[in-house]
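# What the coordinates show
Residue-level listing of the chains:
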Amino acid sequence: MRGARRVAILAIAMLSCAAASTGAPAPGSAATAAGDAEAPLEAAVIAQINEFRASQGLQPFVTSPVLSAFAARHAQDMLAKGYFGHDEPGGQTALERLTAFYGPQGYDLTNTGENISASVGPGDAAAFVQDWVADPEHRDILLGTGRGPLYTSAGVSVVTADSAPGVYAGLGQVTVLTAEFGPPQPVYGQSVLVAPVSGVVRVKPPGAKTFTTLNATGVFDSGTQVDTTKGRIRLTSVADESANVQTADFYRGQFTVSYTPDFPETTPGGTPSLLTNLQLTGPLTGCRRVAATRRLAGQNATPPKRRPKPKGPTTRSLWGDGTGHFRTQGAYASATVRGTYWLTQDTCKGTRVQVLTGLVDVFNIKGNIHTPVAAGHSLIVPKPK
């Protein structure tokens, strides 16, 4: 970001020159995104970047919808507020913005980079990338010079406006591009990001035979088992199809993390969105199982044989603390949150949900009943008889 001010001055001079030679289109609407997340221009920019990297003997970037959404927020902000730069005038600096995004994921900024560009008119992918290649600082970001092995993903957003304020005033139609480069990101409905916070954390991806200790942030497929009985994690998942991310801490429990549809009644008029579901999987081997009675013709029920008292845990639990669309699921009830601090605990007799802050929707799985539980309260859903 050291050349942000210099880049902004050069870019605005370029815009003014282009406007004089091409003529200024008539003023129009406010800033609108140039297509969807899979817009042709954005895809073309990624293709141009990867073509350049291939010419330098480097692997292509993996396209990340999460990084594209992050890029879109900055591109839209620049057009809406009429500035061109990595720092928002009077607002967040690039360092603050990037730290706020990557910090909760457990990443530092050594594996990140950001390029921006602008032009009068609809924009051209080849021209955008050629300008970056021609400038040493921007070229280094494309190449990953000085970055680490996690510098593998990219997201691009192109935003066009028929007119815009500030430095774009009087230029007619303008296009602003932001490209984010960074470490691996989760994918909606497919994977999550798990970062160890404290203690000992173990993970067991789908297909693995044993747990392994987690020492650094990693992306894991849906269906991964996580053991935080002696540690704490910060879990980042994708909240919606727009690739917005959400983060919460979980600890003192063992669970399987996956994406699952929200309850249909909570999403009227549309397809249920996906929640990040954490199902308790710790053992309950200390709970006695009631043997079924046997009935013979003409006889009363035969009393079950007395079994020795089982050994092992009689409770399992999981604490959660964070904001987002998360659900913790016990044996007999689940707890869906939108940002709170809560406990889900299975016992031999049922599932208890305790809420310290916020509001939780507790769902009785067998009874198909929803009950809101507010801060300072708890609810026990008994084991069906």
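Residues numbered from 1 in each chain as written. Predicted model: local features only at pLDDT ≥ 70, side-chain atom pairs only at ≥ 80, totals over all residues. Heavy atoms only, no water.

The next subject is the overall build of the protein chain. Helix and strand counts for the protein chain stand at six helices and 22 strands. The buried share of the protein chain, reckoned over its 385 residues, is 43%. Summarising the internal contacts of the protein chain: among those between residues at least 6 apart in sequence, 64% fall at separations of at least 24. Counting every atom, the protein chain has about 18900 Å² of accessible surface; 55% of that belongs to carbon and sulfur. (Helix = DSSP H or I, 4+ residues; strand = E, 2+ residues; numbered from the N terminus. Buried < 20%, exposed > 50% of the residue type's maximum accessible area, 1.4 Å probe, protein only. Contact = heavy atoms within 4.5 Å. Areas by Shrake-Rupley, 256 points an atom, 1.4 Å probe, with all protein chains shown as cover.)

For the rest of this paragraph, the subject is the environment of Phe52. Inspection of the secondary structure puts Phe52 in helix 2 (residues 40-55). Since its relative accessible area comes to 10%, Phe52 is described here as buried. Phe52 sits 87 residues away from Arg139 along the chain, and the two C-alpha atoms are 9.8 Å apart. Apart from the residues lying within four places of it in its own chain, the contact partners of Phe52 are Val133, Arg139, Leu142 and Leu143.

Topologically, Arg288 is positioned in the loop between strand 12 (274-280) and strand 13 (294-295). Along the sequence, Arg288 and Pro308 sit 20 residues apart, while their C-alpha atoms lie 9.1 Å from each other.

This part takes up the packing of aromatic side chains. This model, assessed by the stated rule, comprises twelve aromatic pairs. Taking 4.0 Å as the distance between ring centres and 5° as the angle between the ring planes, the aromatic pair formed by Phe70 and Phe101 counts as stacked. You can see Phe70 sitting in helix 3 (residues 65-81) and its partner Phe101 sitting in helix 4 (residues 94-102), a full 31 residues away along the chain. Judged by relative accessible area, Phe70 falls into the buried class, the value being 5%. (Phe/Tyr/Trp six-rings, centres within 6.5 Å; stacked < 30°, edge-to-face > 60°.)

What tends to happen in soluble globular proteins is that the nonpolar side chains get buried as a cluster. Formed by 40 residues in total, the largest nonpolar core has its most connected members in Ile233, Leu235, Phe250, Phe255, Leu278, Phe326 and Val360. Counting residues per element, this core draws most heavily on strand 6 (residues 191-204), which supplies five residues. Not counting residues within four places of it along the chain, the set of residues in contact with Leu278 comprises Leu235, Phe250, Phe255, Thr256, Val257, Leu318, Phe326, Arg327, Thr328 and Gln329. Among the nonpolar cores identified, the runner-up in size contains 19 residues, and Ile46, Phe61, Val129 and Phe181 belong to it. (Core = buried A, V, L, I, M, F, W, Y, C linked by side-chain atoms within 4.5 Å.)

Time to look at helix 6 (residues 136-143). Among all positions in helix 6, only His138, Ile141 and Leu142 are buried. Here the buried residues of helix 6 occupy an arc of 100° about the axis, which is enough to place them on one side. Measuring from the side-chain oxygen of the N-cap residue of helix 6 to the backbone nitrogen of Glu137 gives 3.2 Å; that N-cap residue is Asp135. (Arc of directions from axis to C-beta. Polar contact = N/O pair within 3.5 Å; in protein donor to acceptor, adjacent residues only side chain to side chain.)

Interaxial distance between helix 2 and helix 5 (residues 125-134) falls to 8 Å at its minimum, and their mutual angle equals 40°. Between helix 2 and helix 5, the angle falls in the class oblique. Helix-helix and strand crossings are classified by hand; for helix 2 and helix 5 the assignment is right-handed. Where helix 2 abuts helix 5, its residues Leu41, Ala44, Val45, Gln48, Ile49 and Phe52 lie against Ala125, Ala126, Phe128, Val129, Trp132 and Val133. Across the contact of helix 2 with helix 5, the residue classes break down as eleven nonpolar, one polar and no charged. (Axes fitted to C-alpha atoms, helices over the stretch in contact; angles between N-to-C directions. Parallel < 35°, antiparallel > 145°, perpendicular 65-115°, else oblique. Left-handed = near helix turned anticlockwise from the far one by under 90°. Nonpolar A, V, L, I, M, F, W, Y, C, P; charged D, E, K, R; others polar.)

Here the focus is the confidence of the model for the protein chain. Per-residue confidence for the protein chain gives a mean pLDDT of 86, with 83% of residues at or over 70. Low pLDDT (under 50) marks residues 1-37, which in the prediction has 56 contacts with non-local residues, meaning those over four places away or in another chain. Throughout residues 292-297 the model reports pLDDT below 50, and contacts reaching past four residues in sequence, or to other chains, amount to eight contacts. (pLDDT = per-residue confidence, 0-100.)

Let's shift gears to the pairing of strand 20 (residues 359-364). Here five bridges tie strand 17 (residues 333-337) to strand 20, and the two strands are oriented antiparallel to one another. Looking at strand 20, one finds that Thr336 is bridged to Asp361. Connecting the antiparallel pair strand 20 and strand 21 (residues 369-374) is a turn made up of four residues, with Asn368 showing a positive phi of about 55°. (Pairing = 2+ DSSP bridges.)

Moving on, we come to the state of the cysteines. Under the definition given, this model contains one disulfide. Paired by a disulfide, Cys287 and Cys348 hold their sulfur atoms 1.9 Å apart. Taking the torsion about the S-S bond as the criterion, the Cys287 to Cys348 disulfide, at about -90°, is left-handed. Residue Cys287 is found in the loop between strand 12 and strand 13, and its partner Cys348 is found in the loop between strand 18 (340-347) and strand 19 (350-357); the two are separated by 61 residues along the sequence. Looking at Cys287, the relative accessible area reads 17%, which means it is buried. For Cys348, a relative accessible area of 26% translates into the label partly exposed. (Disulfide = S-S within 2.5 Å.)

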